[in-house]
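Inside the fold
Below are the chains, spelled out letter by letter.
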Amino acid sequence: MSSHQLDRSIPIPLYYQMKQWLMSEIEKGIYKPGQIIPSERELSEQFQISRMTVRQALKELMNEGHLIREQGKGTFIAEPKLNQRLSQLTSFSEDMRNRGLEPDAQVLETSVINHAPAHVSIALHLDGDHTILKIKRLRLANKQPMAIETSFLPLSLFSGLEKKNFTSESIYRVLENEFALQLLFAKQTIEAGFPTKDEEHLLGISKGTSVMRIERVTYMQEGIPFEFVSSVYRGDRYKFEMELHR
Ligand code: 16G
């Protein structure tokens, strides 16, 4: 730990200065992922500030995903967030493998439904009655929960898809290899939000951690929409990168 003094003569709150100091220690690599940081008591002595002030700085760093607290063990530096570029149409499995992580899924629900919710039918350009496959999965990377994805796929396009097991199979891979699907493009929206109790539990995140809600409609050859997916991504493990041109 490098020595550092907080500046009491400037109008920047002490907790915020301490937070900035810890962030810069992480960025400089002085603290590495998995490493334990000093206790609240040690930090309050080092900086001559109250434990309440230390707690506020650590709480914000935890909510932002830079620190992880393990009950009875201490507070540790978190793994850096996964930076996902939004310019390419990729699957979860591809994204994880490209990072050297093993993708996996826990199937939470597979059902064949005759009446899709209105927003799904509209997104998939379906009128009248259509049989839709709904698959809800908890997506994991190296066994760690990352996102919850609920996909809707019309069975009129992919007859028999309901018999597949998507625990270790990639949906995109099966559609490309077994249904000659060509992925064309996708339209996606991203919103910040708070998790429900269920989502908090499934994702293994602590109260107050934000999530990103993503909706994607993906199109195949001839511009036909073939999937509507609604996902909840961990805000503490993900950041999205876009390239903007002018
Ligand atoms: C991605 C897609 C999702 C797609 C899934 C297929 C986002 C926000 N979502 O997670 O729409 O269904 O990949 O993954 O990127 P799979 O081929 O590994 O099953």
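Structure shown above.
Position numbers for residues count from 1 along each chain, tracking the sequence in the order it is written. The model is predicted, so local features are restricted to residues of pLDDT at least 70 and side-chain atom pairs to those at 80 or more, both for listing and for counting; the totals for chains, interfaces and linings are taken over all residues. Side-chain calculation: all heavy atoms of the structure are included, whereas hydrogens and water are not.

It is worth spelling out the environment of S39 at this point. Numbering of helices and strands runs from the N terminus, with a helix taken as a DSSP run of H or I at least four residues long and a strand as a DSSP run of E at least two residues long. Summarising the element assignment, S39 is placed in the loop between α1 (14-27) and α2 (40-47). Partly exposed describes any residue whose relative accessible area lies between the buried limit of under 20% and the exposed limit of over 50%, with all areas from a 1.4 Å probe on protein chains only and scaled to the type maximum. Its relative accessible area of 32% is what places S39 among the partly exposed residues.

Another aspect to go through is the pairing of strand β1 (residues 67-70). Criterion used throughout: strands pair if DSSP finds at least two bridges between them. Pairing between β1 and strand β2 (residues 74-77): four bridges, direction antiparallel. Bridging from a neighbouring strand, R69 pairs with T75 of β2. Connecting β1 to the next strand, β2, in antiparallel fashion are three residues, including G72 with a positive phi near 75°.

The subject of this paragraph is α2. Within the span of α2, buried status applies to E40, L43, S44 and F47. Angularly, the buried residues of α2 cover 100° about the axis, an arc narrow enough to put them on a single face. Those residues of α2 that are buried are in contact with α1, α3 (51-63) and β1. Of the residues trailing α2, Q48 is marked for its positive phi of about 55°. The arc in question is the one spanned by the directions pointing from the helix axis to the C-beta atoms. Residue contacts follow a heavy-atom distance rule, with two residues in contact if any of their heavy atoms lie within 4.5 Å.

On to the side chain of R216. On the secondary structure map, R216 appears in strand β8 (residues 211-220). By the counting rule applied here, Lys and Arg register as positive and Asp and Glu as negative, while His and the ends of each chain are not counted. For this document, the term salt bridge refers to a Lys or Arg side-chain nitrogen within 4 Å of an Asp or Glu carboxyl oxygen. Here R216 is buried and forms no salt bridge, its nearest opposite-charge partner E227 lying at an N-O distance of 4.5 Å. Here a polar contact is taken to be a pair of N or O atoms separated by no more than 3.5 Å, where protein atoms must pair a possible hydrogen donor with a possible acceptor and residues adjacent in sequence count only if both atoms sit in side chains. Engagement of the side chain of R216 in a polar contact is seen with the side chain of Y172, the distance being 3.0 Å. Reaching out from R216, the side chain makes a polar contact with the side chain of Q188 at a distance of 2.6 Å. When near neighbours in sequence (up to four residues on either side) are disregarded, R216 contacts L89, T90, Y172, A186, K187, Q188, E227, F228 and V229.

Another point: the packing of α1 against α3. Interaxial distance between α1 and α3 falls to 8 Å at its minimum, and their mutual angle equals 50°. One finds that α1 runs oblique with respect to α3. Crossing of α1 against α3: the hand is right-handed. For the pair α1 and α3, contact is made by L14, Y15, M18, K19, L22 and M23 and by T53, V54, Q56, A57, L58, E60 and L61, respectively. Polarity classes work like this: nonpolar for Ala, Val, Leu, Ile, Met, Phe, Trp, Tyr, Cys and Pro, charged for Asp, Glu, Lys and Arg, and polar for all others, with Gly in that last group. Split by residue class, the contact of α1 with α3 holds nine nonpolar, two polar and two charged. Think of each axis as a best-fit line through the C-alpha atoms, taken over the contacting stretch in the case of a helix, with angles from 0 to 180 degrees between the N-to-C directions. Here roughly perpendicular refers to angles of 65 to 115 degrees, roughly parallel to angles under 35, roughly antiparallel to angles over 145, and oblique to all remaining angles. What makes a crossing left-handed is the near helix being turned counterclockwise from the far one by less than a right angle; a clockwise turn instead makes it right-handed.

Below, the discussion takes up the pattern of salt bridges. Taken as a whole and judged by the stated rule, the model has 20 salt bridges. R41 is the partner of E45 in a salt bridge, and the nearest nitrogen-oxygen pair spans 3.5 Å. Taken as a pair, E45 and R41 lie in helix α2 at a separation of four residues, close to a single helical turn. Look at E45 and you get partly exposed, because its relative accessible area is 46%. R137 is the partner of E149 in a salt bridge, and the nearest nitrogen-oxygen pair spans 3.4 Å. Linking E149 in strand β6 (residues 144-154) with R137 in strand β5 (residues 132-141), this pair joins segments that are twelve residues apart in sequence. Of the two residues, E149 and R137, both sit in the buried class. Here the salt bridges share partners, and the residues they tie into one network are E40, R51, R55 and R69.

Right, let's talk about the site of the ligand for a bit. If even one non-hydrogen atom of a residue comes within 4 Å of a molecule or strand, that residue is called near it. Near the ligand there are 15 residues, and of these S93, E149, S170, I171 and R216 occur at the shortest range. Taking S93, its side chain carries an N or O atom lying 2.4 Å from an oxygen atom of the ligand. The contact in question runs from an oxygen atom of the ligand to an N or O atom on the side chain of R137, over 3.0 Å. Here the accessible surface of atoms and residues is derived via Shrake-Rupley with a 1.4 Å probe, and residues count as covered only by protein chains that are part of the display. Isolated, the ligand exposes 460 Å² of accessible area, and the fraction of that covered by the protein chains is 99%. The set of elements that each furnish at least two residues to the shell around the ligand consists of α4 (92-98), β5, α6 (171-178), β8 and β9 (224-234). No other element matches the three residues that β9 contributes to the shell around the ligand. Here the residues of the shell around the ligand sort into six nonpolar, four polar and five charged.

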